[in-house]
Amino acid sequence: MENKNDLQIKKFKFKNITDNAGFSSFASAMMAIFFGLVFGFIVMLVASPPNAVAGMKYIILGGLGRLGDVFYFATPILMTGLAVGFAFKMGLFNIGASGQYTMGMFFALYVGFMWDMPDSIHWIVAILSGMVGGMLWGLIPGIFKAFLNVNEVITSIMFNYIGMYLVDMLIKGNGTMYKSTTTRTNYLPLESQIPSLGITGTNVNLGIIFAVLIGVIIYIILQKTTFGYELKATGFNKFASEYAGMKGKTNIILTMAIAGGFAGLGGAFAILAPSGISGSSMTYEPINMIASAGFDGIAVALLGSSHPIGIIFSAIFISYIKRGGTLTSLVGYKPEIIDVVIAVIIYFSAFAAIMNSGLSRIIKSRFKNKELSHIEEDEPETTVKSKDDNTKEEE
Amino acid sequence: MDTIYYLFQNMLPVAISLLLVALGGMFSEIGGIINIALEGIMLFGAFIAALFVYSVQGTDMSPQTILLLGMVVAAISGLIYSLLLSFAAVTMKADQVITGTSLNMLIPAAILLFAKMFFGSDGITTNVNFYIREVHILGKIPVIGKLFFQNTYLTVMIGLVFLVIAVIIFYRTKFGLRLRACGEHPHAADSVGINVHKMRYAGASISGILAGIGGFFYSVGITDGNVNGHTGVAGFGFLALAVMIFGQWKPMRIFFGALFFAFLRTLAYSVSLIPFLSNLGIDQTYYKMLPYFATMIVLAFTSKKSRAPKAEGIPYDKSQR
Amino acid sequence: MDNYIIEMLGITKMFPGIIANDNITLQLKKGEIHALLGENGAGKSTLMSVLFGLYQPEYGEIRKNGEVVNINNPNDANDLGIGMVHQHFKLVEIFTVLENIILGVEPNKAGFLQKSEARKKVVELSEKYGLSVDPDAYVEEITVGMQQRAEILKMLYRDNEILIFDEPTAVLTPQEIREILQIMKGFAKEGKSILFITHKLNEIMEVADRCTVLRKGKYIGTVDIEDTTKEELSKMMVGRDISFKVKKEKSKPKEIVLSVENLTVPSKIHKNNAVKNVSFNIKAGEIVCLAGIDGNGQTELVNALTGLEKASSGTIRLKERDITRDNIRKRSASGMSHIPEDRHKHGLVLEYKLEENLVLQRYWQKEFQKGGFIKFDNVRKYANRLIKEYDIRSGQGPVTIVRSMSGGNQQKAIIAREIDKEHELLIAVQPTRGLDVGAIEYVHNQLIKTRDAGKAVFLVSLELEEVLNVSDRILVIYEGEIVGELDPKETTPEELGLYMSGAKRNTGKEANDGK
């Protein structure tokens, strides 16, 4: 049938950059970022024309002066990014990272304030309990999905609201945790704060190290283990995974619980952080708002193509432009400009990948058509056949 | 008895808002597009309409005229915003859920940005009173008058009219038949010469119109004219999706679903007025969580056998036949 | 000068990287039945989609009655009187027959549907042509044959003069096939012109006037049926002589490997049981074939055997061990291999590499993993061995993404994986579907090799020829019941057809004793 040599020669010729999966996802991420920034610039132009250029400059370069903060703020969204990206690999859309994040934060706070334990391990236990909180909030949509076939998107959203109301109520009702005069939580005792990295004037702490490590571990799990193999197989084709005897339901629940655990850790890393002013720590204000970290996580995951290492970099990037975004208030804008940019980035990453593959398809087909006339007549037959097979798959 | 009237009168504006948005979701999905952006479209429609109301308030235009014009403004803005979804979902064949999520995120951020810059607040508050104490004559009808024509808004009447129109379009028109074919079996529709892309744009656009109006009605009937980027529409867009699933993508069933959810929500916010419930001493937050819990329970019971349009969420690609 | 109603001249249709139709010419006379013959993937469906306006060709022109016409969409085709019964019916399941028929040409007043006049016309048409269909029945609730009649009515309702039938007999019983062929003849007699796409030579010999043959996207020739033979046609279609018979020794059945007792499986589609109280067994060293028309419970039966679905009652024993309650993994590990019906849906993870797919059933075994970590070296070695032994061809060997492989080689990969895995029983469901003749021969030989190695083979097939040629014993399933057990050497396609359509039945015992 096919002439093997011919095929190989052809493959070599087509081995252009668009063939490389890593490159194409990087290119589409760049494209999405570009569109996002352009849109942000247009918005700034509309809002206040004379300051737009200065504002843009802050967004792009502002983060440089505050790298410590960039890393601090990258920590939680790196974790929520992993929470979303990990579930994506399984074909699940974990839009509930916000609720899981909030739950994790609450669990961490609770342990940090209420439990008595040796100083040296208090912060570690607080972090871990944050993970448990998040896992719990990921577990429930997982169970609903696995056993009752309820779409995880809607469940997760409902649990974002439930988690938010619940946590705000519990915090407000707790005198140790909540300080009604400031309408925020109290400062955490020192021993339940995550050790700072000692860079003065910033909040950066050990959390970012943990987060990056977790990213790397996930990468190994996804690439090298049977669990990763099953997870990805299920994400690509759940029918085939079922046929191969993989335990789809268990894996769905496990994936959602692990993803929730990541988001919960994000909440813990965010709230257990020491703040720049010595002795104080980060605080939380219960005002019935859904945490934005979860949604930022979606952007992070998409920009990083759900690849754990990609997510590490995209989290730092998002955090970086967010820091820059806060500086735009110096020229009359508001930090929300970055949320606008992020939303646009997500919008374009949803189809940037497709644009990209479309682009590479066109390039490839152009090459291939030219060559077709030279290669064996067998070639069209095999490929046409696979198209016919697609028809069958449809029905 | 008065409590029941009170609950019912308060429930209707909530139900109508949910109903319109859920019907919007339905039109989008029976055409094949999952519209998770309802929340964002609602907020966009509400905000633009609020801007309009803000700009005309204080003139001698009558409140009900403003309401009708505001509705048109909201419809148009919803339509325009939904085009972003249609473009991504139909033309670019993008992932519909992710696109919808981004559209949901964009609007609150944009509102906060602009409102903070130009109004110095989180949003915009209008102060036109759309409330109708009693409709002439109709309000005097025993029971029914009290239920439907007292302490109400024009939105309720309009919403019910929309429901009737939706039922007719769904079952009785050529358009409805074709739209449903596109969500169920787009290749079949294509093979008889129906332009699937156009129909899907149409379905999503109707959902944009209805969600825009629903958002405006939400701000009129529920938040007293305040539209802000923080609370937005409090997950109503998502609740509407749940109502739609509960209603199995059928207009009348969606109506009953909307009534059910609206009842729960009204109950949650009226606890202090109902002696029996307020005596229980349960934190009001639990009641606020009630609609979301109810959604979960309802979905748990309906999802196993629910029958979504077969081709929803799948971009239509001619060559992939 | 012949009077052609439709001419397709020099049609070339390309898809990214593929030339599906390469300079093809097809000329249809008025009132004839013109067969379009070719293997799977020869470009028949693409050519018809061009004629029907679903695709636009890169080169070539279409003429009607000598005049060049543009067909940009199905509406244009319809305006020219061209109608098509698609191979996979284009019917909206939640609609009624009537709604499906009028879809696209709805009679309406200001956009409001006027169904009653449409119903009248449909009833008239169905009476005139003897196509009994209830216009108000929902498509999902009627039989495949009725669905096909609905599709035909769709064309007649539109007053089409040129009727395209794309593989109309694929899903029908021999009796139903005869009916549809008669209907086609009737249309031709009335002056309608018919394009009949098929790869079944018997049917062409029976009804067609002329036949155009395609091979691998290219035009081979057009012949008058009167002047040709089946053998000549098949040579044109395949490009070489092929033997219709499968070479194999007589089977030597040994001990029972699979025994099924009183198995009942509920249906997911309707309220009745899909498989009703079925009992049978399969011995080592024999190929037992389950014959039947699509949708008579085959899928559910196989799913219950493999564990994809739960049986509501009955027992399944594999090598005397009760596996009724075992999960899929356990069944697979205790010696059940399964070549699934739909290789894209179940059989492969298309985004995975070939080597990853080759260990899909075994990645968890000691050979391939340690402490949860996959031993990729071993996977590669194993994959290379299978690729060589089973002649799986691909662009980049073990690291080829399976999606980019041809259908035949994808199937080879599945077969390699399932046969090489330790097994006692091989369940093969329509293993030759959509393959070309070369690949079909390969699959059949592998099945026979497996049998000769002393394994039990359970083959589920819809193709009569395959049933009769490959199997050692035939079980016929009809409406979820096994209605007959037949010896392939002593039965005929006609007799098989009677069983398949439920017109005849025997119990397994009688068949054995009686003959």
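Because the structure is a prediction, the values reported are computed rather than measured.

So, about the overall build of chain A. On a plain count of helices and strands, chain A comes out with 15 helices and two strands. Here chain A holds 395 residues, and the buried ones make up 57% of them. Sequence separation of at least 24 residues holds for 79% of the intrachain contacts in chain A that already meet a minimum separation of 6.

Next up on the list: the overall build of chain C. Across its full length, chain C holds 18 helices and 24 strands. Taken over the C-alpha trace, chain C has a radius of gyration of 25 Å; the compact-globule value for 515 residues is 24 Å, and the two agree within 12%. Seen along its three principal axes, the alpha-carbon backbone of chain C occupies a region of about 70 × 50 × 50 Å. Out of the 515 residues in chain C, the part that is buried amounts to 50%. Relative to all contacts within chain C whose residues are 6 or more apart in sequence, the contacts with residues 24 or more apart total 67%.

Chain B puts 16 residues into the contact, and the matching count from chain C is 19 residues. Within the residue set of the side of chain B that touches chain C, elements represented by two or more residues are helix H7 (174-184) and helix H8 (186-191) of chain B. In terms of residues, the side of chain B that touches chain C owes the most to one element, H7 of chain B, which gives six residues. Residue composition of the side of chain B that touches chain C, grouped by class: six nonpolar, six polar and four charged.

You'll often see interface size given as the accessible area lost when the parts meet. Residue and element names in this part refer to chain C. When its domains are assigned, chain C resolves into domain 1 (4-238), domain 2 (243-335 + 422-515) and domain 3 (353-421). Taking the mean C-alpha position of each, domain 1 and domain 2 sit 33 Å from one another. Each partner contributes residues to the interface: domain 1 has nine residues there, and domain 2 has 12 residues. Partitioned by chemical class, the residues of the side of domain 1 that touches domain 2 number four nonpolar, four polar and one charged.

Further remarks concern the packing of helix H8 (residues 206-224) of chain A against helix H13 (residues 308-327) of chain A. A pair of packed helices is characterised by two quantities: the angle between their axes and the separation of those axes. Residue and element names in this part refer to chain A. Put simply, H8 and H13 touch, their axes get as near as 8 Å, and they point 155° apart. Considering the angle they form, H8 stands roughly antiparallel to H13. Listed contacts from H13 to Val212, Gly215, Ile218, Tyr219 and Leu222 of H8 are Pro308, Ile309, Ile311 and Ile312.

Moving on, we get to the sheet that holds strand S23 (residues 473-478) of chain C. Residue and element names in this part refer to chain C. With mixed pairing, six strands are arranged side by side in an open sheet as S18-S21-S22-S15-S23-S24. The two strands at the open ends of the sheet, each matched to only one other strand, are strand S18 (336-339) and strand S24 (481-486). Going across the sheet, the axis of each strand differs from the next one's by a mean of 20°, ignoring polarity. Pairing analysis gives four bridges linking S18 to strand S21 (residues 425-429), with the strands arranged parallel. What sits directly across from Ile339, in S21, is Ala428. In the packing of helix H14 (residues 407-420) onto the sheet, contacts are made with S18 and S21, and the angle to S18 comes to roughly 170°. Strands in contact with helix H15 (residues 437-452) are strand S15 (287-291), S21 and strand S22 (456-461); relative to S22, the strand with the most contacts, it is inclined by about 150°.

Residue and element names in this part refer to chain C. Read across the open sheet, the four strands follow the order S14-S13-S16-S17; overall the sheet is antiparallel. Of all the strands in the sheet, just strand S14 (273-283) and strand S17 (321-322) have a single pairing partner and so form its edges. Sheet topology note: the strand S16 (residues 313-318)/S17 ladder contains two bridges and is antiparallel. Counterpart to Leu318 in the pairing with S17 is Arg321. Strand contacts of helix H9 (residues 298-306): strand S13 (256-266), S14 and S16, with the helix running at about 60° to S14, the strand carrying the most contacts.

Right, let's talk about unusual backbone geometry for a bit. Residues and elements named next belong to chain C. Positive phi outside glycine occurs at Asn65, with the angle close to 50°. Relative to the helices and strands, Asn65 is located in the loop between strand S4 (59-64) and strand S5 (67-69). Taking the number of C-beta atoms within 10 Å as the measure of exposure, Asn65 has 12 and is therefore exposed. In this model, Lys216 sits at a positive phi of 50°, which is unusual for a non-glycine residue. Looking at the secondary structure, you find Lys216 in the loop between strand S11 (210-215) and strand S12 (218-224).

Another point: the packing of helix H2 (residues 38-56) of chain B against helix H3 (residues 63-91) of chain B. Residues and elements named next belong to chain B. Orientation of H2 relative to H3, taken along the N-to-C sense of each, is 140°, at an axis distance of 8 Å. Here H2 is positioned oblique relative to H3, judged by the angle of their axes. Read as a crossing pair, H2 and H3 show a hand that is right-handed. Contacts between H2 and H3 involve Ile41, Phe44, Gly45, Ala46, Ile48, Ala49, Phe52, Val53 and Val56 on the former and, on the latter, Ile66, Leu69, Gly70, Val73, Ala74, Ser77, Gly78, Tyr81 and Ser82. A per-class count over the contact of H2 with H3 returns 13 nonpolar, five polar and no charged.

Quick look at the pairing of S4 of chain C now. Regular strands have side chains that alternate between both faces of the sheet. All names here are of chain C. With five bridges connecting them, strand S1 (residues 4-15) and S4 associate as antiparallel partners. Considered in S4, the bridge of Thr12 is made with Tyr59. Hairpin connection of S4 to S5: two residues between the antiparallel strands, including Asn65 at a positive phi of 50°.

Residues and elements named next belong to chain B. Taking 1.5 Å as the rise per residue, H3 with 29 residues should run 42 Å; its terminal C-alpha atoms sit 40 Å apart, in good agreement. Taking the largest bend as the criterion, H3 deviates by roughly 25°, centred on Leu85. After H3 finishes, the residue Lys93 shows a positive phi value of roughly 55°.

Here the focus is helix H5 (residues 97-114) of chain A. Under the 1.5 Å per step criterion, the end-to-end length of H5 of chain A is 25 Å for 18 residues, consistent within 8% with the ideal 26 Å. Where burial is concerned, most of H5 of chain A is hidden: 16 out of the 18 residues are buried.

For the rest of this paragraph, the subject is the confidence of the model for chain C. All names here are of chain C. On average, residues of chain C score 88 in pLDDT, and 96% of them reach the 70 mark or higher. Contacts of residues 508-515 to residues separated by more than four positions or lying in other chains number eight contacts, the stretch itself having pLDDT below 50. Model confidence for the complex is summarised by a pTM of 0.85, with the ipTM given as 0.90.

With that settled, consider the nonpolar core. Core analysis: the largest hydrophobic core is formed by 297 residues, its most contacted members being Leu272 and Ile346 of chain A, Leu18, Ala22, Ala46 and Val243 of chain B together with Leu51 of chain C. Not counting chain neighbours up to four residues away, the residues in contact with Leu51 of chain C comprise Met8, Ile62, Ile71, Ala77, Ile82 and Ile164 of chain C.

The next thing to look at is the confidence of the model for chain A. Detailed reading of predicted coordinates is not advised where the pLDDT is low. Residue and element names in this part refer to chain A. Summing up the model confidence of chain A, the mean pLDDT is 82 and the portion of residues at 70 or higher is 83%. Predicted confidence in chain A is weakest over helix H15 (residues 378-394), with a mean pLDDT of 34, and strongest over H5, with 95. Note that residues 1-19 has pLDDT below 50 and, in this model, 27 contacts with residues that lie over four places away or in other chains. Overall, residues 366-395 carries pLDDT values under 50, and its contacts beyond four positions in sequence, including any with other chains, amount to 58 contacts.

Let's shift gears to the environment of Leu273 of chain B. Residue position: Leu273 of chain B is located in the loop between helix H11 (251-269) and helix H12 (275-279). Sequence-wise, Leu273 of chain B and Thr3 of chain B are 270 residues apart; in three dimensions their C-alpha atoms are separated by 7.9 Å.

On to the environment of Glu490 of chain C, then. Residues and elements named next belong to chain C. Inspection of the secondary structure puts Glu490 in the loop between S24 and helix H17 (493-500). For Glu490, a count of 9 C-beta atoms within 10 Å gives the class exposed. Sequence separation of Glu490 and Glu286 is 204 residues, and the distance between their C-alpha atoms is 17 Å.

The next thing to look at is the environment of Ile256 of chain C. On the secondary structure map, Ile256 of chain C appears in strand S13. Sequence spacing of Ile256 of chain C and Gly285 of chain C is 29 residues, and the spatial spacing of their C-alpha atoms is 9.6 Å.

The rules behind the values
Residues numbered from 1 in each chain as written. Chains lettered and ligands numbered in written order. Predicted model: local features only at pLDDT ≥ 70, side-chain atom pairs only at ≥ 80, totals over all residues. Helix = DSSP H or I, 4+ residues; strand = E, 2+ residues; numbered from the N terminus. Buried ≥ 20, exposed ≤ 12 C-beta atoms within 10 Å, placed from the backbone. Contact = placed C-beta atoms within 7 Å. Rg over C-alpha atoms; globule rule 2.2 N^0.38 Å. Nonpolar A, V, L, I, M, F, W, Y, C, P; charged D, E, K, R; others polar. Domains from an automatic or database assignment. Axes fitted to C-alpha atoms, helices over the stretch in contact; angles between N-to-C directions. Parallel < 35°, antiparallel > 145°, perpendicular 65-115°, else oblique. Pairing = 2+ DSSP bridges. Left-handed = near helix turned anticlockwise from the far one by under 90°. Expected span 1.5 Å × (residues − 1). Bend = angle between axes of the 7 residues up to and from the residue. pLDDT = per-residue confidence, 0-100. Core = buried A, V, L, I, M, F, W, Y, C linked by C-beta atoms within 7 Å.

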